[in-house]
Every structure is written in structure tokens, then in C-alpha cells.
Amino acid sequence: MALVEIRDVHKTFGRVDVLKGVSLDVEEGEIVTIIGRSGSGKSTLLRCINALETVDAGEIRVEGQKIHSGMPDLKQFRQRVGIVFQAFNLFPHLKVERNITLAPLLTGRIDKAKARVLAEDVLTRVGLADKIDAWPDQLSGGQQQRVAIARCLAMAPHLMLFDEATSALDPELVGEVLKVMEAMARQGMTMILVTHEMGFARNVANRIVFMHQGRVWEQGPPAELFASPKTPELASFIASAK
Amino acid sequence: MNFLPLWRYQNQLIDGAIITLELTVIAALCGLIIGIGGAVALKGRATFLRWLVRGYIELFRNTPSLIQIFIIFFVLPSVGLKLPAFEAAAVALSLYFGAYSVEIIRAGLDSVPRSQIEAGQCLGLSGWQVFRHILLPPALRNAYPAVTSQFVLLLLGTSLASQVAADELFHVAGFIESRTYRSFEVYAVICAVYFAMAMAFKALFALISAAAFRWPRRR
């Protein structure tokens, strides 16, 4: 059984069909990168996986459990799935430490005495141990995104979703975030990424999924896919992304 | 001009000022609770509750607060709800302040980006936890300047309670005037007292703001 099973998922916003029957499996430990033009449905698919959007038809299962926004243990499910957003979404009124420890404390994962140690631990993993007492708005974009990743790591997720995690960053800050993501990949984290970073897709992912017009248009190992795209749509996308 | 005849009434003036402060603080606290509750109801899914809150807001923001006090003091006893002057004024002013607070706090809640709520949900927090820890603090900060200026209006508005003979500052002033016939002096003094109280609250609010909202503003 795959960790994530997506079966014939449809999603409509108003009159726009964003997802038109998407099926996709992601195995445990796999790094899957979803690429495609804007409007192809990549971000929507990602948001459906942790029930930020509800699918209109089809189904999504994670660890065998059917996912939808009305599921009874939605909170417990989301504690196991981390998501990193394009705009970081740190809580501006909480210091870095509290940003990280808020959810573990409120959900009873850890007690107060262990909070600071946990924050130090996950911040060390993203190389920001010295920023534990900073306010989010005192950090650069790259640092904020690394804190956002650390905040997810503090929940010890089984699956990480990245929704264009580097798209809002200045070019010189992209590298530090990608390095953290690469390290997570090496440690065996299951990751699904929506990204425009073709270098990352090529070098780190086990599989590339090319989405086009709300469908999985083509997928395969990066080397194969980039070297010999089977569809003209992917070929032209790769050409334009260079 | 002669302020000396007022001197022997200083205890009444101090008592009046204390009643005014009590009325203000009670109405502000109750009004804020109404404000937060009402704002949550306005954003909630219960249609009936939304209508109820909306009706309450429109009613209290579009009628004179003096008449609101009169209704609670003079009219409610006829349906069996008899409140003393101070309590009646406190209830009326709470409802008045609450009606404005609902709108101010709702605007504060709306000013927090949806992505913040999503970020909280994605960490597995409950609706209440997201509201309490993620939505409310920035919302209160954004609503704070409007709440404090509304608070000063409330402080000045407590003088209306004199009309149902609550012993607040303005009522005391009327009493002293009737004894001394020193109209200018009496009203000059109580104006100065209102002004001093308003200024003191502004200073207090600045201190509260500095202590409660320590995170840097977005650049």
C-alpha cells in the first residue's frame, strides 16, 4: 500500500475545472516533484492531500485513511502531515521558539519542560539555532522559510508537502532552503513538492510528475523525463523552464 | 470668577469621578466581551445568530444612547426588570460600547490573513486554538487604536447616566451648581477632570500596548 493514494480526483472552483481526474501514488520515503505551468492544478492537488481543499469526486488516502475536510480525526491527521507554504506563514506575533513549540504544546506532543530543547533541536537541523529568540519579521525570507520547515519538523511528520517553498524568495536565498530540503530527503522523509526549481527536481527527486490542464500528463524518473519527454507539452515546458 | 466655594464639595467630586470610572471600566469590559463574542458570531455559520448580532448592532448604533439608558431604567421595570440607576446605566453603556466593539473587532479579525488560519489548521490545532493563539492576538492589535478611541467616547458618554440620577461626575456637578450657583467654575472643573481622566487613560493604553504587542510591525 502506498503512503499516499490519489484516485481519479476532481476539483472545481466555480466554473473552472482545476483537477480533472488525477491519480497518483506516492510510496513511503519517496521524493515526488510536481511540475507544470501555473494553473495546471499542482498547488490545488497538494492542498487536497491535507484537506485544505475538499475533492469533488474521487478519493485521497494517506496511510490508508480516507482524507476529507469533515473527517473525524482531521486534527490528528494534520499533525502527521507537514506543509510548507510559499509565503512561509510564520505567526508574526510569536517568537521563533513559540512558533515552533505552539502546536507541539497545544496538541500535547510535549510538555513545557521539553519545549525549548525541541525548538533548539529542530532549529539546529535547519541551521538557525541562534535565531531561537528572534521575531519572524527580523529574519530574511530564507530564514523564515527554514523556521517554517523547523516548525513542521517539530511535529515529527510522516509526510511533508512543499507548496512552491522557494518561489517567494530572492534568488540568493533559495539555496539555503533547498539545502535543508535536500537534507530532509536524505534522511528518508516522504516528500511531495510543487516547485519551479528544475535543478532540485532533477537532482533530488525520485520521480517527476508533470501536470497539465488538471491532469497528470506524464511522469517518471527525472533523468528519463528530462532527457526524452514523450509529450510535446512537457518538451515545451522543459524548454521554457530553462 | 471664584473657585473657592467649590472646595467643600471636593469629596463629592472625587466620589463622582470614581463612579464615572467604575461605570466606564465596567461598560468597557462587558462591552469588549460582547464585542469579541459578537464578532465571532458574525463570522460564524449560524445564520440566526448572525442576524441577531447584526440587529443588535444596528439598533444600538443608530439610536441615541440617552434613550437607551432611559428605556432600560424607566421602561424595563414595567416588564418586571427593575434596575437601580447605576446598574441600569452600566447595562445600557455596556450594550452601547458592545455594539461598536463588535464591528471594530470584526474588522480586526478580518485583517488577519486567511493563510495564518490555514497555517494553524495544518499544524493540527483545533478551531478554538487557532482563534485564541493565532487569530486573536494580531486582530486585537489591529483593533486596539479604534477600541481605545471608542473607550474615550464611552468615558465622556457616561455623563448621560446623570439623567437617571446615577451619582457620576456630571450629576455631582449639577448638584454642586444648584448649591453654589457657580456654573462656570463647576463645569470648568469637571471638564478638567474628564480631560485629565481621558489623558490618563491614553497614557495607560500606550503602556498596555507597549507591553502586550511587542512583536515588530510588518515592514
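Within every chain, residues take consecutive numbers counted from 1 along the sequence as written. Labels are handed out in written order, letters beginning with A for the chains and numbers beginning with 1 for the ligands. A pLDDT threshold of at least 70 governs which residues receive local features in this predicted model, and a stricter bar of 80 or more applies before side-chain atom pairs are shown or counted, although totals over entire chains, interfaces and linings include all residues.

Visitor: Tell me about the overall build of chain B, and please be specific about residues and values.
Guide: Secondary structure summary: chain B contains 8 helices and 0 strands in total. Helix and strand assignments follow DSSP, with helices taken as H or I runs no shorter than four residues and strands as E runs no shorter than two, numbered in order from the N terminus. Taken from N to C terminus, the helices and strands of chain B fall in the order α-α-α-α-α-α-α-α. Oriented by its inertia axes, the alpha-carbon framework of chain B measures out at about 70 × 45 × 20 Å. Counting other C-beta atoms within 10 Å of a residue's own tells you its class, since 20 or more makes it buried, 12 or fewer makes it exposed, and anything in between is partly exposed; those C-beta atoms are placed from the backbone. Counting over 219 residues, chain B shows a buried share of 34%. In this description, any two residues whose backbone-derived C-beta atoms lie within 7 Å of each other are considered to be in contact. For chain B, long-range pairs separated by at least 24 residues make up 75% of all intrachain contacts whose partners lie at least 6 apart in sequence.

Visitor: Give a description of the sheet that holds strand 1 (residues 4-13) of chain A that names residues and reports values.
Guide: Residue and element names in this part refer to chain A. Strands were regarded as paired on the criterion that DSSP finds at least two bridges between them. A sheet is described by the order of its strands in space; here 4 strands give the open sequence 2-1-4-5, paired in antiparallel fashion. Since the sheet does not close on itself, it has two edges, and those belong to strand 2 (16-26) and strand 5 (65-66), each with one partner. As paired elements, strand 1 and strand 2 share 8 bridges and run antiparallel to each other. Residue T12 lies in a different strand from strand 2, and its bridge partner there is D17.

Visitor: Got a sec to walk through the environment of R98 of chain A? Specific residues and values, please.
Guide: Note that R98 of chain A resides in helix 3 (residues 96-106). Considered as a pair, R98 of chain A and R151 of chain A are 53 residues apart in the sequence and their alpha carbons are 9.4 Å apart.

Visitor: Pulling in residues and values, what's your account of the interface of chain A and chain B?
Guide: Many analyses report the size of an interface as the accessible area lost when the parts associate. Listed per partner, the contact involves 21 residues of chain A and 19 residues of chain B. Every element with two or more residues in the side of chain A that touches chain B is listed here: helix 2 (74-79) and helix 3 of chain A. With 4 residues, the top contributor of residues to the side of chain A that touches chain B is helix 2 of chain A. Under the scheme applied here, ten amino acids are nonpolar (Ala, Val, Leu, Ile, Met, Phe, Trp, Tyr, Cys and Pro), four are charged (Asp, Glu, Lys and Arg), and all others, including Gly, are polar. Here the residues of the side of chain A that touches chain B sort into 11 nonpolar, 7 polar and 3 charged.

Visitor: Can you lay out the nonpolar core for me, pointing to particular residues and giving the numbers?
Guide: Working definition: the nonpolar core is a set of buried Ala, Val, Leu, Ile, Met, Phe, Trp, Tyr and Cys residues, joined through C-beta atoms within 7 Å. If you look at the biggest cluster of nonpolar residues, it comprises 119 residues, and the most contacted ones within it are A150 of chain A together with A89 of chain B. In terms of residues, this core owes the most to one element, helix 4 (residues 85-110) of chain B, which gives 14 residues. If we ignore the near neighbours within four places in the chain, the residues touching A150 of chain A are I100, V122, L123, R125, V126 and L128 of chain A. The next biggest cluster of nonpolar side chains, apart from the first, holds 8 residues, and it includes L6, A173, I176 and I190 of chain B.

Visitor: Tell me about helix 6 (residues 127-157) of chain B, and please be specific about residues and values.
Guide: All names here are of chain B. The span one expects for a helix is its residue count, reduced by one, times 1.5 Å. Taking 1.5 Å of rise per residue, 31 residues should cover 45 Å, yet helix 6 covers just 37 Å from first to last C-alpha, more than 12% shy of that figure. Of all the positions in helix 6, only I134, L135, P138, A139, A143, V147, Q150, F151, L154, L155 and G157 are classed as buried. On its buried face, helix 6 sits against helix 1 (10-43), helix 3 (65-75), helix 4, helix 5 (114-122) and helix 8 (183-212).

Visitor: So what's going on with unusual backbone geometry? Residues and values would help.
Guide: Residue and element names in this part refer to chain A. Of note in the backbone geometry, A156 takes a positive phi value of approximately 45 degrees without being a glycine. Relative to the assigned elements, A156 resides in the loop between helix 5 (141-153) and strand 7 (159-163). Even without a glycine there, the phi angle at E164 is positive, about 50 degrees. If you trace the backbone, E164 turns up in the loop between strand 7 and helix 6 (171-186). Using a count of 20 C-beta atoms within 10 Å as the deciding quantity, one classes E164 as buried.

Visitor: Summarise the pairing of strand 4 (residues 57-62) of chain A; cite the residues concerned and give the values.
Guide: All names here are of chain A. In this sheet, strand 4 lies alongside strand 1 in antiparallel orientation, the contact comprising 5 bridges. Paired with I6 across the strands is I60, a residue of strand 4. Sheet topology note: the strand 4/strand 5 ladder contains 2 bridges and is antiparallel. Looking at strand 5, one finds that R61 is bridged to K66. Taken together, strand 4 and the strand that follows it, strand 5, pair antiparallel across an intervening segment of 2 residues, in which E63 is found at a positive phi of about 50 degrees.

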